[in-house]
Amino acid sequence: GAVVSQHPSRVICKSGTSVKIECRSLDFQATTMFWYRQFPKKSLMLMATSNEGSKATYEQGVEKDKFLINHASLTLSTLTVTSAHPEDSSFYICSASGGVRGGHEQYFGPGTRLTVT
Amino acid sequence: AQKITQTQPGMFVQEKEAVTLDCTYDTSDQSYGLFWYKQPSSGEMIFLIYQGSYDEQNATEGRYSLNFQKARKSANLVISASQLGDSAMYFCAMSDSWGKLQFGAGTQVVVTP
């Protein structure tokens, strides 16, 4: 149980285009989903927290107009990187919580590797 | 503000031996959670073990155990009987009262035959 999927797993796009990444909880209802960014050999950095039906809360320094997050249902959250630039190239990971450990446990998706050319 | 510190950037361990990965934290919250995740080269984050701040007993999950010393604010991970498949990056993380996770810098573990 507690499986989270991400799609696509890998995407290459041109500068200036937008890319949408989907995060789905497959076998549980995720009241909260989180989006992280990870640079090579570095730790995960939280970008934003999204709760179903409400606006996402962004961490300091994260541009909300660039990284659009939609949490339309209890099983789906999307991250759209708008007008992508090469510096947006990174590994993006989502996680979902709603588990049994008082809601603290997060289940991670397999990640999406974005390359902007 | 919360802070998670992993001071070991990398470690080598021989197969079948035990290894301890250090993690210290700082928080003013009374209620928090401590987690360890494994990240192999594929990139997926694999949950290993969880310790709640009010749990009196150290958490154990198979070959993983968490040495929780609340007064010292440490939450070290012990992997017993290391296997080649344990080679990966290991992250310590702490959740706040909102469930947000903050990660340490990670420790790269290499298990040698």
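Participant: Whenever I open this one, the side chain of Ser95 of chain A confuses me. Can you help?
Facilitator: Residue and element names in this part refer to chain A. Structurally, Ser95 can be placed in strand S9 (residues 90-97). One polar contact links Ser95 to Gln106, side chain to side chain, over a distance of 2.6 Å. Ignoring anything within four residues of it in the chain, the contact list for Ser95 reads Thr32, Met33, Phe34, Tyr36, Gln106, Tyr107 and Phe108.

Participant: What am I meant to see in the state of the cysteines here?
Facilitator: A covalent bond between the sulfur atoms of two cysteines is referred to as a disulfide. Taken as a whole and judged by the stated rule, the model has 2 disulfides over all chains. The disulfide partner of Cys23 of chain A is Cys94 of chain A, and the S-S distance across this bridge is 2.0 Å. The chirality of the disulfide connecting Cys23 of chain A with Cys94 of chain A is right-handed, given an S-S dihedral of about 80°. Of the two residues, Cys23 of chain A is situated in strand S3 (residues 19-25) and Cys94 of chain A in strand S9; the sequence distance between them amounts to 71 residues. When sorted by exposure, Cys23 of chain A lands in the same class as Cys94 of chain A, which is buried. What pairs with Cys23 of chain B in a disulfide is Cys92 of chain B, and their sulfur atoms sit 1.9 Å apart. Across the disulfide from Cys23 of chain B to Cys92 of chain B, rotation about the S-S bond amounts to roughly -65°, and the bridge is consequently left-handed.

Participant: What exactly am I supposed to notice about the packing of aromatic side chains here?
Facilitator: Between two aromatic rings, the relevant description is the distance of the centres plus the angle of the planes. All names here are of chain B. Inspection of the entire model under this criterion finds 13 aromatic pairs over all chains. Plain terms: the ring middles of Phe35 and Tyr50 are 4.9 Å apart, the flat faces sit at 55° to each other, and that makes the pair tilted. Highlighted residues: Phe35 in strand S5 (residues 33-39) and Tyr50 in strand S6 (residues 46-52), separated in sequence by 15 residues. Taken individually, Phe35 and Tyr50 each receive the classification buried, so the pair is uniform in this respect. Their ring planes at 90° and their centres at 6.2 Å tell us that Phe91 and Phe103 sit as a pair that is edge-to-face.

Participant: Looking at this structure, how should I read the interface of chain B and chain A?
Facilitator: Interfaces are often sized by the amount of accessible area the parts lose when they come together. The partner chain A presents 17 residues to the 20 residues of chain B that form the contact. If you sort the residues of chain B by the area they bury against chain A, Met45, Lys100 and Phe103 of chain B come out on top, with a joint share of 29%. Between chain B and chain A we count 1 salt bridge in total. The shortest N-O distance in the salt bridge between Lys100 of chain B and Glu59 of chain A comes to 2.8 Å. When residues of the side of chain B that touches chain A are traced back to their parent elements, those giving at least two are S5, S6, strand S10 (88-95) and strand S11 (101-103) of chain B.

Participant: Just checking my understanding: could you explain the pairing of strand S11 (residues 112-116) of chain A for this structure?
Facilitator: Consecutive side chains along a regular strand alternate between the two faces of the sheet. Residues and elements named next belong to chain A. Across the two faces of S11 the burial differs, with Thr112, Leu114 and Val116 buried and Arg113 and Thr115 not buried at all. As judged from the 4 bridges shared by strand S2 (residues 10-13) and S11, these two strands associate in the parallel manner. Note that in S11 the partner of Val11 across the bridge is Leu114. Sheet analysis places S9 next to S11, joined by 3 bridges and oriented antiparallel. Along S11, the bridge assignment pairs Phe91 with Arg113.

Participant: Looking at this structure, I do not really get the environment of Gly16 of chain A. What am I missing?
Facilitator: Residue and element names in this part refer to chain A. Within the secondary structure, Gly16 is located in the loop between S2 and S3. Gly16 sits in the partly exposed class, given a relative accessible area of 47%. Taking C-alpha positions, Gly16 is 9.5 Å from Pro86, a pair spaced 70 residues apart along the chain.

Participant: Whenever I open this one, the pairing of strand S8 (residues 76-81) of chain A confuses me. Can you help?
Facilitator: All names here are of chain A. By the criterion of burial, S8 is predominantly enclosed, with 6 of the 6 residues buried. Burial along S8 is two-sided: Leu76, Thr78 and Thr80 facing one way and Ser77, Leu79 and Val81 facing the other are all buried. Two strands pair when backbone bridges link them, and S3 and S8 are joined in this way by 6 bridges, in the antiparallel orientation. Looking at S8, one finds that Val19 is bridged to Val81. Here 5 bridges tie strand S7 (residues 67-73) to S8, and the two strands are oriented antiparallel to one another.

Thresholds, definitions, all that
- Residues numbered from 1 in each chain as written.
- Chains lettered and ligands numbered in written order.
- Predicted model: local features only at pLDDT ≥ 70, side-chain atom pairs only at ≥ 80, totals over all residues.
- Heavy atoms only, no water.
- Helix = DSSP H or I, 4+ residues; strand = E, 2+ residues; numbered from the N terminus.
- Polar contact = N/O pair within 3.5 Å; in protein donor to acceptor, adjacent residues only side chain to side chain.
- Contact = heavy atoms within 4.5 Å.
- Disulfide = S-S within 2.5 Å.
- Buried < 20%, exposed > 50% of the residue type's maximum accessible area, 1.4 Å probe, protein only.
- Phe/Tyr/Trp six-rings, centres within 6.5 Å; stacked < 30°, edge-to-face > 60°.
- Buried area = accessible area lost by both parts, 1.4 Å probe.
- Salt bridge = Lys/Arg side-chain N within 4 Å of Asp/Glu carboxyl O.
- Pairing = 2+ DSSP bridges.

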